[in-house]
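Residue-level structure breakdown
The chain contents come next:
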Amino acid sequence: DSFLGEYYTIITGAILFYIPGLVLIAMTTVPYLLGDTFNKTALSIGLLFLWPLGTGIVKSVVNVFGAKQFHPFLQSALIETYYVNFYMC
């Protein structure tokens, strides 16, 4: 996130990895959409590479990005509540 910034890291991680991984996983559930036989390679790429990588990129930045929306001294109780709610959900 120091190279792109937090906002662009979230957008890049979601567009390049997270969403294509979920789409690829969803496409493997429709019979004969990706070929005559069940495409284990596409499912493996989606489940083991794209989706976890996108999730890791987005989740590692979203918690800090959300906490930076509060003033550190004036709204410290709200920051604490934000982190509790973020990690509970």
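Here's a quick rundown of the structure. (Residues numbered from 1 in each chain as written. Predicted model: local features only at pLDDT ≥ 70, side-chain atom pairs only at ≥ 80, totals over all residues. Heavy atoms only, no water.)

Notes on the environment of Pro-52
Assignment of secondary structure puts Pro-52 in helix α2 (residues 40-67). When the C-alpha positions of Pro-52 and Tyr-18 are compared, they lie 7.5 Å apart, and in sequence the two are 34 residues distant. Not counting residues up to four positions away in its chain, the partners in contact with Pro-52 are Gly-46 and Leu-47. (Helix = DSSP H or I, 4+ residues; strand = E, 2+ residues; numbered from the N terminus. Contact = heavy atoms within 4.5 Å.)

What to know about the pattern of salt bridges
A side chain of one charge can pair with a side chain of the opposite charge when the charged atoms of the two come close. Applying the stated criterion to the full structure yields 1 salt bridge. Across the pair Glu-6 and Lys-68 runs a salt bridge whose closest N-O atoms are separated by 2.7 Å. With Glu-6 in helix α1 (residues 6-27) and Lys-68 in the loop between α2 and α3 (76-88), the pair connects residues that are 62 residues apart, well separated along the chain. Of the residues examined, Glu-6 reaches a relative accessible area of 16% and is grouped as buried. (Salt bridge = Lys/Arg side-chain N within 4 Å of Asp/Glu carboxyl O. Buried < 20%, exposed > 50% of the residue type's maximum accessible area, 1.4 Å probe, protein only.)

A look at the side chain of Thr-9
With respect to the helices, strands and loops of the structure, Thr-9 is situated in helix α1. Assessed through its relative accessible area of 11%, Thr-9 is described here as buried. Only 2.5 Å separates the side chain of Thr-9 from the backbone oxygen of Gly-5, close enough to count as a polar contact. (Polar contact = N/O pair within 3.5 Å; in protein donor to acceptor, adjacent residues only side chain to side chain.)

Side note on the packing of aromatic side chains
Under the counting rule described, the total for this entry stands at 8 aromatic pairs. When the centroid spacing of 5.4 Å and the interplanar angle of 75 degrees are considered together, the rings of Tyr-7 and Tyr-8 count as edge-to-face. Judged by its relative accessible area of 52%, Tyr-8 falls in the exposed class. Seen in terms of ring centroids, Phe-70 and Tyr-82 are 6.1 Å apart; in terms of plane orientation they differ by 55 degrees. Their pairing is tilted. Taken as a pair, Phe-70 in the loop between α2 and α3 and Tyr-82 in helix α3 lie far apart in primary sequence, 12 residues in all. (Phe/Tyr/Trp six-rings, centres within 6.5 Å; stacked < 30°, edge-to-face > 60°.)

Examining the packing of α2 against α3
Packing of α2 against α3 leaves a shortest axis separation of 9 Å and a crossing angle of 155 degrees. In this view, α2 runs roughly antiparallel relative to α3, as classed from their interaxial angle. Helix-helix and strand crossings are classified by hand; for α2 and α3 the assignment is right-handed. Mapping the contact onto sequence places Lys-59, Val-62, Asn-63, Val-64, Gly-66 and Ala-67 in α2 and Ile-79, Tyr-82, Tyr-83, Phe-86 and Tyr-87 in α3. Tallied by class, the residues present in the contact of α2 with α3 amount to 8 nonpolar, 2 polar and 1 charged. (Axes fitted to C-alpha atoms, helices over the stretch in contact; angles between N-to-C directions. Parallel < 35°, antiparallel > 145°, perpendicular 65-115°, else oblique. Left-handed = near helix turned anticlockwise from the far one by under 90°. Nonpolar A, V, L, I, M, F, W, Y, C, P; charged D, E, K, R; others polar.)

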